[in-house]
There are 2 protein chains.
Amino acid sequence: MFTVKSVYETKELIGAHFGHLRTECTAVPLAQAFGRTLFEDVLAPENVPSFDRSMVDGYAVKAADTFGASEAMPAMLSFIGEVRMGEAPDISLSDMECAYVPTGGQLPEGADAMVMIEYAEKLGEDMILSYAQAAPGAHVIFAGDDIRLGRRALERGVLLRPQEIGVLAALGVTEVRVAKPPRVGILSTGDEIVPVGAAIHGTRMRDVNASVLAAQTAESGGEPVPFGIIPDDEDAIFEATRKMLETCDVCVITGGSSVGAKDATARVIGRLGGPGVLLHGVAMKPGKPTILGDVKSKPVFGLPGHPVSAFFVFRMFAVPLLHGMLGRKAPEHRPVLARAAFDYASRQGREEYVPVRLSHGADGLIAHAIHGKSGLITTLSQAEGYVSVARGAEGLRAGNLVEVTLF
Amino acid sequence: MFTVKSVYETKELIGAHFGHLRTECTAVPLAQAFGRTLFEDVLAPENVPSFDRSMVDGYAVKAADTFGASEAMPAMLSFIGEVRMGEAPDISLSDMECAYVPTGGQLPEGADAMVMIEYAEKLGEDMILSYAQAAPGAHVIFAGDDIRLGRRALERGVLLRPQEIGVLAALGVTEVRVAKPPRVGILSTGDEIVPVGAAIHGTRMRDVNASVLAAQTAESGGEPVPFGIIPDDEDAIFEATRKMLETCDVCVITGGSSVGAKDATARVIGRLGGPGVLLHGVAMKPGKPTILGDVKSKPVFGLPGHPVSAFFVFRMFAVPLLHGMLGRKAPEHRPVLARAAFDYASRQGREEYVPVRLSHGADGLIAHAIHGKSGLITTLSQAEGYVSVARGAEGLRAGNLVEVTLF
């Protein structure tokens, strides 16, 4: 018999056995890189911007020439010409000279600041009055101010949001080296389980888990690989799992993980190769009857057949594992604070997850437990997140401040 | 001249002109429905579960027969048989009878509760002692407890997360009617703009906006349609925009929206058809030089050429518009609270957005303003979210409690 592990011990065990796993690199066009994870650091092959650029319409100046200038006592500068948009300037500034530069245009050599057109006045053909003083660098982005040549512009493991796509575009990166999605094989077991599209009769149940786990896999950056439904037959499960292991990085088997007559998953893991079953049972609710195996360095999860349990176990353990395999830096946990609107009596010795919805109260958010018997799939679809009641905690009372992890 | 509108007025204007726009319906297989928006209510075509189901391994009983049972005084029940997994029971309970039912099995007629096997003992072939009393419904999910036949299981406009995919799977839905992604045409303008892959020389700038806006469009459930780069030539922009309007639901043009010699976007919108330009300038920073047009009921955005400004304007106005077109219920705004680690002097009369990163302090999160000149694309890629400084607010002081909207 295996002893039941705590959530923490389970995470440690996963880290020890699978923390080193990484998927390979694959190159995708920039237009398909959104939402992917960067495989390696991106070093800037050039300065961004590539030239000293004006942020305003106005006059390029030597800042020192404008010191002390004011409405009452403007600085008088010689106007020596105009820089055109998209063209390199063919002029350079000497002392007490200025040149017109539009927004986005390049500063001529010698200039180190801009005076906005609103603060300047043209006197005839060749004189400009500046009614304001400009600090060095005012309204200018110097070459390399945004991204400096040779520096690390983006770190490996970064999730590519629109902002990071912008950095890559600015650097001229058209193909991005990202982490390959880990392939997650998903197998459902149970004599009573039928495909989603099948008519149900008697006490058949539709295969809810395969669809939910595939969506969770996609959400976490993995590639779901469906392996269908297998009856409660140890040899059939063995054969299907062996095939999964050939082509997948992670195997997930649902059903058959409680301690009972038909529990074949643990035996199958044992037969497939060492080190074998790492744990049988996690002190959490929902989710207790969970199996984790290590078959020749590939993780094999045996998840409870119950959809809500399978959902939470996958979320707690498989999602961080997938992020680790992608090399993704763990997304910071940013729970929102709320007042519990419910009492919750916890059974000590296990971690419990209470699905909640949120509403706005007089002084902040209020968390409402979703009503209904535990384990209904609709309790999850009504929930915006969950409150975790720690192992050893006494439970919750209405009015307690709680941290809600949003789904 | 058009007057500058506030952020609030701009949102009202968008609601009044485009709030009624909806994309069409399209059917996708369940396996591709994750992340899409439900086009219509889903009514349950059947009960879930379809039968009274046991949640435990144990004995199905009439709850009343166990009342008062305890360790010291167990209830004695006649054992009349076993229900097999996945099969409809061929037995029914009379008073003081019980039957074995495995987890997931169907209760026989007459039973209304389960006694867990841990609290029962078998005496010979045909007698069971129950050492605990069972409340009616204990450890049972009755037919329809999860989803009741004919009721609304999911509401139109719902974003399909893994949980909702589970509800659809439980109902046997293999094809899901979802909202078509709004097609967002993206056009960049400017003599100085070159494609991301081009070598840059002189003062050319790479087209950062098209990539960022495409990623933001995808993130918001839309379909980006690239229209390339056009020089600052009014007729060329007119022609490209006319083509965008033929095939797209929303048009986005970047560059050329500040009041200056080459500002063609506003004139192009005017020429394309009524009602035409709705606003020219929004009191926000970054993002002021924004144009919004209504060309025969299609929204046309003229965004600033500056990537950070374009990013914020798209996020503030185009993202909610796309959600509206998808019929998506506005995701609740769930900012996190943090203490500002910076002072910020605001220029009253406009709403300002300060990109921040977060760290953990002694009593909660701390928000750090991203250093660097405003408008650098790297300031966005270093930010986890932003603090919005309201129009009319005096600015921020270090130590103030602020709401951080996460990206």
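Residues numbered from 1 in each chain as written. Chains lettered and ligands numbered in written order. Predicted model: local features only at pLDDT ≥ 70, side-chain atom pairs only at ≥ 80, totals over all residues. Heavy atoms only, no water.

1. Some remarks on the overall build of chain A
Stated precisely, the cut-off is as follows: Helix and strand labels come from DSSP, where a helix needs a run of H or I of at least four residues and a strand needs a run of E of at least two; each type is numbered from the N terminus. The globule rule used here is 2.2 Å times the number of residues to the 0.38 power, and the radius of gyration it is set against is calculated over C-alpha atoms. Any residue under 20% of the maximum accessible area for its type is buried, any over 50% is exposed, and the rest in between are partly exposed; the area is computed with a 1.4 Å probe on protein chains only. Computed by Shrake-Rupley with a 1.4 Å probe, the accessible areas treat only the displayed protein chains as cover when residues are assessed. Within this scheme the basic residues Lys and Arg register as positive and the acidic residues Asp and Glu register as negative, but His and the chain ends are omitted. By convention, charge coordinates are those of NZ in Lys, CZ in Arg, CG in Asp, or CD in Glu.
Per the secondary structure count, chain A includes seven helices and 28 strands. Computed over its C-alpha atoms, the radius of gyration of chain A comes to 31 Å, more than 25% above the 22 Å expected for a compact globule of 407 residues. Expressed along its principal axes, the backbone C-alpha trace of chain A runs to roughly 100 × 50 × 40 Å. Burial analysis of chain A (407 residues in total) assigns 52% to the buried set. Within the structure as shown, chain A displays about 17,500 Å² of accessible surface, and the carbon and sulfur contribution to it stands at 52%. Charge-centre separation for chain A: the mean point of 38 positive side chains lies 14 Å from the mean point of 48 negative side chains.

2. Quick look at the sheet that holds strand 7 (residues 113-116) of chain A
Residues and elements named next belong to chain A. In plain terms, the rule: Strands pair, by our definition, only if DSSP identifies at least two bridges between them. Angular values range over 0 to 180 degrees, each being the angle between N-to-C directions of two axes fitted as lines to C-alpha atoms, with helices fitted over their stretch in contact.
Strand order in this open sheet of six strands is 7-4-6-5-9-8, and the pairing throughout is mixed. At either margin of the open sheet sits one strand with a lone partner, and together these are strand 7 and strand 8 (120-123). Ignoring strand direction, the axes of neighbouring strands in this sheet form an average angle of 40°. As defined by bridge partners, strand 5 (residues 75-82) adjoins strand 9 (residues 127-130) across four bridges and the pair is classed as antiparallel.

3. Things to note about the environment of Val101 of chain B
Residue and element names in this part refer to chain B. Just so we agree on the cut-off: Note on contacts: a residue pair is in contact if any heavy atoms of the two residues lie within 4.5 Å.
Here Val101 shows up in strand 6 (residues 97-101). Distance in space between the C-alpha atoms of Val101 and Met85 is 7.9 Å, their sequence separation being 16 residues. Excluding anything up to four places from it in sequence, Val101 contacts Ser54, Val56, Asp57, Gly58, Ala60, Val83, Gln106, Pro108 and Met114.

4. A word on the interface of chain B and chain A
For clarity, the threshold we go by: When two parts are put together, the accessible area they lose, computed with a 1.4 Å probe and summed over both, is reported as buried area. For this document, the term salt bridge refers to a Lys or Arg side-chain nitrogen within 4 Å of an Asp or Glu carboxyl oxygen. For this analysis, a polar contact is any N or O atom pair within 3.5 Å, provided that within protein one partner can donate a hydrogen and the other can accept it, and provided that sequence-adjacent residues contribute only side-chain to side-chain pairs.
Listed per partner, the contact involves 71 residues of chain B and 71 residues of chain A. Summing both partners gives a buried area of about 5,800 Å² for chain B against chain A, and 61% of it is carried by carbon and sulfur. Summed over the three residues of chain B that lose the most area to chain A, namely Gln163, Thr203 and Arg334 of chain B, the buried surface amounts to 12% of that side. Counting across the interface, chain B meets chain A through two salt bridges. Measuring nitrogen to oxygen at the nearest pair gives 2.4 Å for the salt bridge that ties Glu46 of chain A to Arg206 of chain B. The interface formed by chain B and chain A contains 15 residue pairs in polar contact (both at pLDDT 80 or more). Within the residue set of the side of chain B that touches chain A, elements represented by two or more residues are strand 10 (140-141), helix 2 (162-170), strand 15 (205-206), helix 3 (208-219), strand 24 (351-361) and helix 7 (377-381) of chain B. Ranked by residues supplied to the side of chain B that touches chain A, first place goes to helix 2 of chain B with eight residues.

5. Observations concerning the pairing of strand 4 (residues 58-61) of chain B
Residue and element names in this part refer to chain B. Two strands pair when backbone bridges link them, and strand 4 and strand 6 are joined in this way by three bridges, in the antiparallel orientation. Across the sheet, residue Ala60 finds its bridge partner in strand 6, namely Ala99. Across four bridges, the pairing between strand 4 and strand 7 (residues 113-116) is antiparallel. If you follow Ala60 over to strand 7, its bridge partner there is Met114.

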